[in-house]
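# Fold and contact review
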Amino acid sequence: MTSKAPVEVEAILVGQSDYRESDRIVKLLCAEHGLISAVARSARASRRRFGGSLDPGNRLSAILKRGRGELWHLDEVTLLDGRTHSRSDLDRLTLLAYACEAVAALARTDFAEPQLFGLLQVAGLLIDSAPTPPGAMFRMALEAKALTFAGLTPGLVRCIECTAPLRSGGPWTFDPTRGGALHGRCDRIGGRPISLRWLDTIEGGRRTPLKELTAARAPSGPSWALAEIIEAHTGQPLRSRSVLASLNPYG
Ligand SMILES: [Zn+2]
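Residues numbered from 1 in each chain as written. Predicted model: local features only at pLDDT ≥ 70, side-chain atom pairs only at ≥ 80, totals over all residues.

Attention shifts here to the nonpolar core. One finds Leu-28, Leu-29, Ala-99, Val-103, Leu-120 and Ala-181 to be the most contacted residues of the largest nonpolar core, which totals 70 residues. The residues that make up this core include at least three from each of domain 1 (7–82) and domain 2 (85–251). The contacts of Leu-29, once residues within four sequence positions are left out, are Ala-11, Ile-12, Val-14, Leu-35, Val-103, Ala-104, Ala-107, Glu-113, Leu-116, Phe-117 and Leu-120. (Core = buried A, V, L, I, M, F, W, Y, C linked by C-beta atoms within 7 Å. Buried ≥ 20, exposed ≤ 12 C-beta atoms within 10 Å, placed from the backbone. Domains from an automatic or database assignment. Contact = placed C-beta atoms within 7 Å.)

Right under this line is the structure:
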């Protein structure tokens, strides 16, 4: 059912691009409708039009109307959380942008996504408020949780080829295009070598609340293996990944 009546939703701004001469298209993630693209009229002509609140990672209350096709119209926004610490800290800001991009890449359009919305809401709050900017373990746990909530639970416990427990024999490899880990003996393509400790730590992170991981250390091993599952799933590179990788080369 399509209704033109305005709806008010709580949303996180996950991306934006220029549109026409003075407009912007904002991408919003909300619990009720998943990923939404909405035209913000005159947002480029005047920052005051939306109170300067259209920055990635911001939590907003938005009044929206359905337009033609998949494009909505953004009528009004109220800023609920502007992630103020992150705006003056490059590590936090880059991680926040990456979290928005990675979670949004897995969210469906016009489909309720309460778990992905809740995950990004918690991640944004922690990235902004943790005593030190969260590192690679936090990011990998976020990726693993996002994949799980999108129905793409990464294979970290059972071999994605033979389905036997990985614990039953090493060495082990990881194949992002197939979404998880394999016994070396089951891997005919030659995935990246990983250790049992890497597997255990990432699986532990997937099951641990993010708030307990803001200062956690990442295991040695492929840092972007889970990001590569997201990229393989969407067929698109995560654009903010290289910026984040250059800030934290040892992550
Ligand atoms: Zn196997």
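Having seen it, we continue.
A few words now on unusual backbone geometry. At the junction of Gly-170 and Pro-171, the peptide bond is cis and its omega measures out at -5° in the coordinates. Relative to the helices and strands, Pro-171 is located in the loop between helix H3 (136–149) and strand E6 (172–175). Of note, Arg-83 is a non-glycine position whose phi angle comes to about 50°, a positive value. Positionally, Arg-83 belongs in the loop between strand E5 (71–81) and helix H1 (90–106). With a phi angle near 65°, Thr-163 is a residue other than glycine that sits in the positive phi range. Note that Thr-163 resides in the loop between H3 and E6. (Helix = DSSP H or I, 4+ residues; strand = E, 2+ residues; numbered from the N terminus.)

Every α-helix carries 3.6 residues per turn, so stepping three or four residues along brings you back to the same face. Turning to helix H5 (residues 225–234), its buried residues number three or more, namely Ala-225, Leu-226, Ala-227, Glu-228, Ile-229 and Ile-230. After H5 finishes, the residue Gly-235 shows a positive phi value of roughly 75°.

You can read the domains of the chain as domain 1 (7–82) and domain 2 (85–251). Distance between the C-alpha centres of domain 1 and domain 2: 27 Å. Contacts between the two partners involve 15 residues from domain 1 and, on the opposite side, 20 residues from domain 2. Broken down by secondary-structure element, the contributors of at least two residues to the side of domain 1 that touches domain 2 are strand E1 (7–19), strand E2 (23–30) and strand E3 (34–40). Tallied by class, the residues present in the side of domain 1 that touches domain 2 amount to 7 nonpolar, 4 polar and 4 charged. (Nonpolar A, V, L, I, M, F, W, Y, C, P; charged D, E, K, R; others polar.)

Between the first and last C-alpha of H3 there are 20 Å, a value that for 14 residues agrees with the 20 Å anticipated at 1.5 Å per step. For H3, the tally of buried residues reaches 11 of 14 residues, placing the bulk of the element in the interior. Among the residues making up H3, those that are buried are Met-137, Phe-138, Arg-139, Met-140, Ala-141, Leu-142, Glu-143, Ala-144, Lys-145, Ala-146 and Leu-147. Buried residues along H3 sit against H1, helix H2 (114–129), helix H4 (196–207) and H5. At the exit of H3 stands Gly-151, carrying a positive phi of roughly 80°. (Expected span 1.5 Å × (residues − 1).)

The next point concerns the pairing of E6. With 4 bridges connecting them, E6 and strand E7 (residues 180–183) associate as antiparallel partners. Bridge assignment links Thr-173 to a residue of E7, and that residue is Leu-182. Connecting the antiparallel pair E6 and E7 is a turn made up of 4 residues, with Gly-179 showing a positive phi of about 85°. Judged from the 3 bridges that link them, E6 and strand E8 (residues 192–194) form a sheet pairing that is antiparallel. Across the sheet, residue Phe-174 finds its bridge partner in E8, namely Arg-192. (Pairing = 2+ DSSP bridges.)

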